[in-house]
Amino acid sequence: MSFQNIMEEIASGLTGDSEKDIAYLKEQQEKYRDHEMSPQISKAIGRLMYRAMPEDRRREFDEAVKKQKIRWNEALEGVQKERSAEGADQEKLEEALARLEEMTAKIEELLEQGRFRDDGETEYHCFFEMFEMILYEQVSGTKKRQKSTDDVPVAAVYAEYGTLLMELGRTKEAQAALEKAVRWAPANCRIAFEYAETFKVLGEMDSFLKITADTFRYVFRPAELARCYRNLGYYFIELEKWNEATACYLMSLQFDKDAQNAQAELYFISQKTGGELPKPSVDEIRVWGKEYGFPVGPDENVVRTAVKYGMEYYRGGRYDLAQYFLKTAFDLTGDERLGKLAVSAVNAMRAKGQGSRR
């Protein structure tokens, strides 16, 4: 039988009596435990169970989920504070690592039990904001419904674990943890940069380049765009391609003009080459971009998508979302028309009493 037929048959056995229906649905979950579509069936039955619950039990369930989310986030924030605390010594870092190992072990247990398992209709990911999900759907081409792991911060835990392992010099282990973080948060640039850093430290420069070039497709903040170009600059310095490196650091400064590390690298290049190199032309940068797989400026699809959604939400009267997307597009391009529209959206949002998305 097809999934739809199975679910129709299960639904036909519901009586409207909450206790009887929940017991019946648990039996059905057990019945289909070894079925090839077991994850999909189990999740669908879980949704039927939730609907079968009386109102008070639903509230209790929602409250329990909310409390679980708070506990996870508080534990993660505690570890982050320990790691970043001024004067944190090796012992403190090791203590933070032990707590993260406990957290990752709990996540692995949940995953083994089938929590957040993709099926034929649904994918589970961690998206830290709305635009990440939109870009992921476009880049991946997926047609599946996206569901969040919000009640368990899977990607954030793996990312923090990987970052701390890097600080402790355990780069290979950090790479494995960050690879998991990327799997769960495929459109988050901060995590991608941390993952790329492991390849840089290990001297695996081709992988460092590929991850950096791929990340452009998800960049929608100027500071992140600047970081992409600094990564490219580092790659070209390693190859002693001074013109290409200069171009990338100059591009970086266009999006983060106060970045001292970019300025320092340009000074280093001038010292290595006996003086300042001529400023590369846009045409030269385009040639290098085509050869190495990176855009000149923000990715065109990112800008186009931000404008498209911004205008659609503006016309639809969702000024909070319009401001979010139009401000994003303006920050990337400096297009004054977009800036004026973003301001207009803010004014309309205040008039309507909508909350800002940023």
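Look up a bit, the structure's there.
Here the structure is a predicted model, which means the values were calculated and not measured.

Reading guide: rules and limits
Residues numbered from 1 in each chain as written. Predicted model: local features only at pLDDT ≥ 70, side-chain atom pairs only at ≥ 80, totals over all residues. Heavy atoms only, no water. Pairing = 2+ DSSP bridges. Helix = DSSP H or I, 4+ residues; strand = E, 2+ residues; numbered from the N terminus. Right-handed = clockwise from strand over helix to strand, strands pointing away. Phe/Tyr/Trp six-rings, centres within 6.5 Å; stacked < 30°, edge-to-face > 60°. Buried < 20%, exposed > 50% of the residue type's maximum accessible area, 1.4 Å probe, protein only. Lys NZ or Arg CZ within 6 Å of the ring centre and 35° of its normal. Core = buried A, V, L, I, M, F, W, Y, C linked by side-chain atoms within 4.5 Å. Contact = heavy atoms within 4.5 Å. Salt bridge = Lys/Arg side-chain N within 4 Å of Asp/Glu carboxyl O. 1 Å grid on protein atoms, 1.4 Å probe; cavity = no way out; pocket = protein on both sides within 12 Å on 5 of 7 lines; lining within 4 Å. Points joined across faces, edges and corners; volume = space filled by probe spheres on them.

A. Structural view of the pairing of strand β2 (residues 145-148). By the bridge criterion, 4 bridges tie strand β1 (residues 122-125) to β2 in an arrangement that is parallel. Each residue of the ladder has a partner; that of Glu123, found in β2, is Gln146. Considered for its hand, the β-α-β crossover made up of β1, helix α6 (residues 130-140) and β2 is right-handed.

B. Examining the packing of aromatic side chains more closely. Summed over the entire model, instances satisfying the criterion amount to 20 aromatic pairs. Measuring from ring centre to ring centre gives 5.4 Å for Tyr235 and Phe236, while their planes differ by 70°; the resulting arrangement is edge-to-face. Relative to Phe268, the ring of Trp242 has its centre 6.4 Å away and its plane inclined at 65°; by these criteria the two rings are edge-to-face. With Trp242 in helix α12 (residues 242-255) and Phe268 in helix α13 (residues 260-273), the pair connects residues that are 26 residues apart, well separated along the chain. Given the relative accessible area of 33%, Phe268 is considered partly exposed. Three or more aromatic residues joined by ring pairs form one cluster here, namely Phe131, Phe220, Tyr309, Tyr313, Tyr324 and Phe325. In this structure, Arg183 is placed above the aromatic ring of Trp184, and the distance from its NZ or CZ to the ring centre is 3.6 Å.

C. A look at the nonpolar core. Formed by 91 residues in total, the largest nonpolar core has its most connected members in Phe131, Tyr229 and Phe294. Among the elements that line this core, the one with the most residues is helix α7 (residues 154-167), at 10 residues. Every residue in contact with Phe294, bar those within four places of it in the chain, is listed here: Phe216, Tyr229, Leu232, Phe236, Cys248, Ile285, Trp288 and Gly289. By size, the runner-up hydrophobic cluster in this structure holds 13 residues, among which are Phe3, Tyr32, Leu48 and Met49.

D. Region of the structure containing the pattern of salt bridges. Considering all chains together, one arrives at 19 salt bridges under this definition. Residues Glu129 and Arg221 are paired through a salt bridge, measuring 2.9 Å at the closest nitrogen-oxygen approach. Placement of the pair is Glu129 in the loop between β1 and α6 and Arg221 in the loop between α10 (205-215) and α11 (222-238), with a sequence separation of 92 residues. Note on Glu129: relative accessible area 24%, which makes it partly exposed.

E. Up close: the layout of surface pockets. Considering only enclosed or pocket space, the largest pocket measures out at about 1200 Å³ in volume. Put simply, the parts of the chain that give the lining of the largest pocket at least two residues each are α2 (18-31), α3 (38-52), α4 (55-84) and β2. If one sorts the elements of the lining of the largest pocket by residue count, α3 sits on top with 8 residues.

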